Amino acid sequence: MSKSGTFKSSIGRKIAMALSALFLMIFLIQHLTINITATFSPETFNELSHFMGTNPVVQFIAQPILIFAVVFHFVMGFILEAKNRQARPINYKKNNGAANSSWMSRNMIYSGLVILAFLVLHFIDFWLPEMNYKYIAMNPEDPTRYYEELLHKFHSPIRVGAYVLAFVLLALHLLHGFGSAFQSLGQNNKYIDGLKKFGVIYSILIPLGFIVTAVVLYMNAQ
Ligand code: HEM
């Protein structure tokens, strides 16, 4: 491939990565908004979960799009990492990386892998039992079941500890990812400083919200 072809496709990959990241960031706001209601109003959590779990648009359109975005983001992340390593094999071995890039930017792949491990556990905890409950065992819908099911999963301190660890890594992943997503999408505009500030606040507040949710649910489950 010509130099300009490589350049174009690598920019293309970065833009695709950034767009999938922005989509997942919006999903995280929605997910946290629903989860956090479980800490102060189990009834609201049940109502919202019942809606999300039974609405056909959510189930058969939004959910497949979300799962595609999650898989796409991970696969693209691995491809970008592999290409970066290919492009600079000597730099990585010989250079002191801290001189040109932050610790977190060099370790996006590792924080990403911890989040991937969390998602596997998370899907085993919630998504698979839910799919089994609804579409395989064909149980009748009980709109009040969600909060109790949720609490049950937050009984174990080991699981809650693993969740909290993953949320801390999520914060680190987002802190670097936000800046890098805007860089890939072009940052020559007057909003860039505001967006960067928003990125830092988002990257701390969203994982913190998940941590608070997990800890409160753990306390309520004892
Ligand atoms: C305390 C924190 C969290 C709690 C209590 C929680 C709880 C849940 C619950 C109850 C579901 C519903 C499963 C279903 O009905 O299909 C779910 C799904 C999901 N969660 Fe979480 N979650 C938390 C954090 C996170 C984080 C940080 C991420 C992403 C990094 C995440 C990603 C997902 C995904 C991708 C799904 C599948 C959505 C779907 O298609 O149904 N969750 N979570």
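Our subject is the structure listed above.
Caption draft 1: The packing of aromatic side chains, seen in detail. Throughout the structure, instances matching the rule amount to 12 aromatic pairs. An aromatic cluster of at least three residues, connected via ring pairs, comprises F118, F126, F154, Y163, F167 and F210. Taking the ring centre of Y133 as reference, the NZ or CZ of R145 above it sits at 3.9 Å. The lysine or arginine in question, R145, covers the ring of Y146, its NZ or CZ lying 4.2 Å from the ring centre.

Caption draft 2: Quick look at the coordination of the iron atom of the ligand. Around the iron atom of the ligand, the protein supplies H31 (NE2) and H122 (NE2) as donor atoms, at distances of 1.9 to 2.0 Å. Around the iron atom of the ligand, the 6 donor atoms sit at angles spanning 85 to 179 degrees, and that spread fits a shape best called octahedral. Taken together, the residues span a long stretch of sequence, with H31 in helix α1 (residues 3-40) and H122 in helix α6 (residues 108-136) at a distance of 91 residues. Taking the relative accessible area as the measure of exposure, H122 reaches 17% and is therefore buried.

Caption draft 3: Region of the structure containing helix α7 (residues 146-153). Those residues of α7 not exposed but buried are Y146, Y147, L150, L151 and K153. Taken down its axis, α7 places every buried residue within 160 degrees of arc, on the same side. More than 90 degrees from the buried face of α7, the exposed residues found are E148 and H152.

Caption draft 4: Quick peek at the packing of helix α2 (residues 42-54) against helix α3 (residues 56-87). Following both chains from N to C, one finds α2 and α3 inclined at 60 degrees, their axes separated by 4 Å at the closest point. Taken together, the axis directions place α2 and α3 in an arrangement best described as oblique. Judged by residue contacts, F51, M52, G53 and T54 of α2 engage P56, V58 and Q59 from α3. In the contact of α2 with α3, the residues fall into 4 nonpolar, 3 polar and no charged.

Parameters and conventions
- Note that residues are indexed from 1 along each chain, following the sequence as it is written.
- Where totals are concerned, whole chains, interfaces and linings use all residues; where local detail is concerned, this predicted model gives features only for residues with pLDDT of at least 70, and gives and counts side-chain atom pairs only at 80 or more.
- To obtain the side-chain values, all non-hydrogen atoms of the structure were included, while hydrogens and water were left out.
- Aromatic contacts are taken between Phe, Tyr and Trp rings whose centres are within 6.5 Å, Trp giving its six-membered ring; a plane angle under 30 degrees counts as stacked, one over 60 as edge-to-face, and the others as tilted.
- In this analysis the charged atom, NZ for Lys or CZ for Arg, is taken to sit over a ring once it is within 6 Å of the ring centre and within 35 degrees of the ring normal.
- Coordination shells were defined by N, O and S atoms within 2.8 Å of each metal, extended to 3.2 Å for Na, K and Ca; water is absent from the atom set, which can make sites look incomplete.
- Here a site with four donors is tetrahedral if all angles are between 85 and 135 degrees, and a site with four or six donors is square planar or octahedral if opposite donors are over 155 degrees apart and the other angles are between 65 and 115; anything else gets the irregular label.
- Only DSSP runs of H or I reaching four residues or more are called helices, and only runs of E reaching two or more are called strands; each is numbered from the N terminus.
- Burial here depends on accessible area, computed with a 1.4 Å probe over protein chains only, as a share of the maximum for the residue type. Under 20% is buried, over 50% is exposed, and the range in between is partly exposed.
- What the arc measures is the spread of directions leading from the helix axis to the C-beta atoms.
- Orientation is described by lines fitted to C-alpha atoms, with helices fitted over the stretch in contact, and by angles between N-to-C directions that extend from 0 to 180 degrees.
- If an angle is under 35 degrees, it is roughly parallel; if it is over 145, roughly antiparallel; if it lies from 65 to 115, roughly perpendicular; otherwise it is oblique.
- Contacts are assigned to residue pairs that have any heavy atoms within 4.5 Å of one another.
- Think of it as three bins: nonpolar holds Ala, Val, Leu, Ile, Met, Phe, Trp, Tyr, Cys and Pro, charged holds Asp, Glu, Lys and Arg, and polar takes everything else, Gly as well.

Any functional reading would require information beyond the geometric quantities listed.
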